[in-house]
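For reference, the chains in residue letters:
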Amino acid sequence: METNARRLRADLPFRRVAVVLSGGGGLGAYEVGTLRVLERIGLRPSIVLGVSVGAINALVWVASGFRSESLRSTWDSLKPSSVGIRWYALGARAAGAFLIALALLEAVLTFADVPEVRHLVGLGRSAHVLPSRWSEVAVDTLAWSLVALAGVLLQLFSGRIEAALAHLTPAADPERLPRRLGAALLVLAILYPISLLFPFPWPHRFHLALVVLCALLWLAGRALGGSESLRRAVMRMLPETGGRGLWRSTARRRLIEGLLPADAEQRLFRGATRVILPACEIASGRMCYFVNAGPDLTSFAARLYDALDESFEFRTRGAAVEAALASSAVPLVFEPVRIGGREYMDGGMFSDQPVHAVLADGADAVLLVLLSPSRTPPRVSDDPHVVELAARIPQLVSWRNLRGELRSLPSGWTHGKPPLRLCLVEPDHALPGSVLNFNSATSAELMSRGETDAWRALETAGWLEPGHLETRGALD
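Reading guide: rules and limits
Residues numbered from 1 in each chain as written. Predicted model: local features only at pLDDT ≥ 70, side-chain atom pairs only at ≥ 80, totals over all residues. Heavy atoms only, no water. Helix = DSSP H or I, 4+ residues; strand = E, 2+ residues; numbered from the N terminus. Buried < 20%, exposed > 50% of the residue type's maximum accessible area, 1.4 Å probe, protein only. Contact = heavy atoms within 4.5 Å. Areas by Shrake-Rupley, 256 points an atom, 1.4 Å probe, with all protein chains shown as cover. Core = buried A, V, L, I, M, F, W, Y, C linked by side-chain atoms within 4.5 Å. Right-handed = clockwise from strand over helix to strand, strands pointing away. Pairing = 2+ DSSP bridges. Patch = residues over 30% accessible without salt bridge, like charges linked within 9 Å, V, L, I, M, F, W, Y side chains within 5 Å. Salt bridge = Lys/Arg side-chain N within 4 Å of Asp/Glu carboxyl O. Axes fitted to C-alpha atoms, helices over the stretch in contact; angles between N-to-C directions. Parallel < 35°, antiparallel > 145°, perpendicular 65-115°, else oblique. Left-handed = near helix turned anticlockwise from the far one by under 90°. Nonpolar A, V, L, I, M, F, W, Y, C, P; charged D, E, K, R; others polar. pLDDT = per-residue confidence, 0-100. Phe/Tyr/Trp six-rings, centres within 6.5 Å; stacked < 30°, edge-to-face > 60°. Lys NZ or Arg CZ within 6 Å of the ring centre and 35° of its normal.

**Q** Help me understand the overall build of the protein in this model?
**A** The number of helices and strands found in the protein is 16 helices and eleven strands. Counting every position in the protein, which comprises 476 residues, the buried fraction comes to 46%. Long-range contacts, defined here as pairs at least 24 residues apart, represent 76% of the contacts in the protein between residues at least 6 apart. For the protein, the exposed area adds up to about 23300 Å²; of that, 62% sits on carbon and sulfur atoms.

Written out as structure tokens, the structure reads:
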């Protein structure tokens, strides 16, 4: 398809161009669209800084030699489970607590239902109890005791369950589990009337409760995979966890490691591009900028320290992965990441577009990619659930920080005769999806909009060679 895709102008006067990628979770596919445009025009920046999901995109893009194909194919198939957002692991913890309470209650009620026991506590008169009735009570009580044990195990090993799920290939058919649960529910329902036809001890109360429990789990599974209204209802019922985050870092670590090419070290540690991955150190509250090895780090670190920031070098492939993990450890959503005895979390809530950091590293021009319009803060739905409300706080903080960063730019960066020193890539209206919504259909639209907006921003800033026609499609 022919289009007015332009090349980077040959007389671009900037010596040290920086690309800054904002945080935004599931909206990060928009950045990949922009990176595809930069790949097409041949822009190889001297500095690439990424925050949160932008840290992952930035690290992989530089490590891949400024090629975006691996990122594009990954975002095309990305799901919440790909980054470790597993509602079933969260449900296992809640189900464990529920089973413990339910089993204890049922065990007491079952035992209290024996006439002799009711007589002893003054609830009824003594009556003759058939041996078969005692046997049924014993079986029922044993069954509920086993349920209580299952609840304890779910509570103790929910983390291991989640880690095991993170290493399993997701099922190709997402409807397989609901179908199997529905079949089990049908079998249990059929077995109950059959058990009434035979005079052997059977935990009838337990059987009925199990049918009800399976029915509730089946309905919850349908709700989580179904309409937004049902999902909202289930979200309101989810209890809070007392852990350090709802989910662990296992899946994100596996994702980043798989995206880095075999020769990543060559480009990360022997190339000419500085990679900066910010994270917030929990104990001190300082923003920490993890950087790959490069020249003039002493003056860079000194300038950051004056702004209550600090920097640390990462020198190995594994250290680069951990830095990207720390930068994308969204508070309360993912557990903090421990590096060198210190714990870090996503710094995007405090500085989502740290342009001052690339200026401290000597950038004389910046291409800044935003995931929401800079004029107004992102909108929230009319009836937000708890996750949306939690996500609203960092969105507002991010928008306020952005306004401060833009106002602190040196004079002449945003106005005057092109080429401008600031190239601002941003959507003209809210992007589809949300921070925790990783959806392949939405990702395709986000990447397309990122490409379109990048071409417009580069044209507006005067970074493109005028009048050159090029055939698009090599990257499509």
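**Q** Please explain the nonpolar core as it appears in this structure.
**A** Looking at soluble globular proteins, one finds that nonpolar side chains tend to be buried together. In this structure, Leu38, Leu268, Leu367, Leu458 and Trp463 are the most contacted members of the largest nonpolar core, which totals 73 residues. Per-element accounting of this core gives the leading share, nine residues, to helix α2 (residues 53-63). Discounting chain neighbours no more than four positions away, the residues touching Leu268 are Leu59, Val62, Ala63, Val275, Asn292 and Ala320. Among the nonpolar cores identified, the runner-up in size contains 27 residues, and Tyr289, Phe300, Ala357 and Val358 belong to it.

**Q** Is there a simple way to think about the pairing of strand β3 (residues 47-50) in this case?
**A** Both faces of the sheet carry side chains from a regular strand, because those side chains alternate between them. Taking every second residue as pointing to the same face, both faces of β3 are buried, with Ile47 and Leu49 on one and Val48 and Gly50 on the other. At this point the chain moves from strand β2 (residues 17-21), through helix α1 (residues 29-41), to the parallel β3, and the crossover so formed is right-handed. In this structure, β3 lies alongside strand β4 (residues 274-281), joined through three bridges in parallel fashion. Across the sheet, Ile47 pairs through a bridge with Arg274, a residue of β4.

**Q** Please explain a nonpolar patch on the surface as it appears in this structure.
**A** A contiguous nonpolar surface patch, about 700 Å² in accessible area, is contributed by Leu142, Leu146, Leu149, Val152, Leu153, Leu156, Phe157 and Ile161. Accessibility expressed as a relative area gives 32% for Ile161, which makes it partly exposed.

**Q** What should I look at first to understand the packing of α1 against helix α16 (residues 440-461) in this one?
**A** In helix packing, the relevant descriptors are the interaxial angle and the interaxial distance, both defined with respect to the helix axes. Between α1 and α16, the least distance of the axes is 6 Å, while the angle of their chain directions is 45°. Comparing their axes, α16 and α1 come out oblique. For the crossing formed where α1 meets α16, the hand is right-handed. Of the residues in α16, those in contact with Ala29, Tyr30, Val32, Gly33, Thr34, Arg36, Val37, Leu38, Arg40 and Ile41 of α1 are Ser443, Leu446, Met447, Arg449, Gly450, Glu451, Asp453, Ala454, Trp455 and Leu458. The class makeup of the residues in the contact of α1 with α16 is eleven nonpolar, four polar and five charged.

**Q** Would you take a moment to explain unusual backbone geometry for this structure?
**A** Most peptide bonds are trans, and most residues other than glycine sit at a negative phi. For the bond from Pro418 to Pro419, the omega torsion is 5°, close enough to zero to count as cis. Turning to its location among the elements, Pro419 is positioned in the loop between α15 (386-407) and β10 (422-425). Positioned with a positive phi, Ser52 is a non-glycine residue whose angle comes to about 60°. Within the secondary structure, Ser52 is located in the loop between β3 and α2. Here Phe66, not a glycine, exhibits a phi torsion of approximately 65°, which is positive. Following the sequence through the fold, Phe66 ends up in the loop between α2 and α3 (69-77).

**Q** Just checking my understanding: could you explain the packing of α1 against α3 for this structure?
**A** The N-to-C vectors of α1 and α3 enclose an angle of 150°; their axes lie 10 Å apart at closest approach. In this view, α1 runs roughly antiparallel relative to α3, as classed from their interaxial angle. When you trace α1 past α3, the crossing you get is left-handed. Touching Ala29, Val32, Leu35 and Arg36 of α1 are Leu71, Arg72 and Trp75, all from α3.

**Q** Explain the environment of Leu406 here, please?
**A** Checked against the element boundaries, Leu406 lands in helix α15. By relative accessible area, which is 17% here, Leu406 ends up buried. Expressed as a C-alpha distance, the spacing of Leu406 and Ser374, which sit 32 residues apart in the sequence, is 9.7 Å. Beyond its immediate sequence surroundings of up to four residues, Leu406 is in contact with Leu368 and Leu422.

**Q** How should I be thinking about the confidence of the model for the protein in this particular structure?
**A** Caution applies to low-pLDDT parts of the model: their predicted coordinates are not meant to be read in detail. Model confidence for the protein is summarised by a mean pLDDT of 79, while 76% of its residues fall at 70 or above. When the criterion is pLDDT under 50, residues 116-130 qualifies, and its contacts beyond four places in sequence or with other chains add up to 18 contacts. For residues 468-476, every residue scores under 50 in pLDDT, and the model assigns this stretch 28 contacts once sequence neighbours within four places are set aside.

**Q** Help me out: how do you make sense of α2 in this one?
**A** A turn of α-helix holds 3.6 residues, and therefore any two residues three or four places apart point the same way. Where burial is concerned, most of α2 is hidden: eleven out of the eleven residues are buried. Among the residues of α2, Val53, Gly54, Ala55, Ile56, Asn57, Ala58, Leu59, Val60, Trp61, Val62 and Ala63 are the ones counted as buried. Gly65 sits one or two residues past α2 and shows a positive phi near 75°.

**Q** Explain the packing of aromatic side chains to me, please; I cannot follow it from the model alone.
**A** Where two aromatic rings form a pair, the distance of their centres and the angle of their planes describe that pair. Under the criterion given, the structure shown has six aromatic pairs. Where Phe14 meets Trp463, the ring centres are 5.7 Å apart and the plane angle is 50°; that geometry is what we call tilted. Remark: Trp463 occurs in the loop between α16 and β11 (470-471) and Phe14 occurs in the loop between β1 (2-3) and β2; sequence separation between them is 449 residues. Judged by its relative accessible area of 11%, Phe14 falls in the buried class. These aromatic residues form a ring-pair network of at least three members: Phe290, Phe312 and Tyr344. If you follow Arg252 out to its NZ or CZ, it ends over the ring of Phe334, 4.4 Å from the centre.

**Q** I'm lost on the pairing of β4 in this one. Help?
**A** Of all eight residues in β4, eight are buried; the element is thus mostly enclosed. Alternating positions in β4 separate into two faces, Arg274, Ile276, Pro278 and Cys280 on one and Val275, Leu277, Ala279 and Glu281 on the other, with burial throughout. Of the pairings in the sheet, the one linking β4 to strand β5 (residues 287-292) comprises five bridges and is antiparallel in character. Pairing of Ala279 across the sheet is with Cys288, part of β5. Between β4 and β5, which pair antiparallel and follow one another directly, the connecting turn spans five residues, one of which, Gly285, has a positive phi of 80°. Where β4 lies against strand β8 (residues 342-346), three bridges are found, and the strand directions are antiparallel. For Cys280, the partnering residue across the bridge sits in β8 and is Met345.

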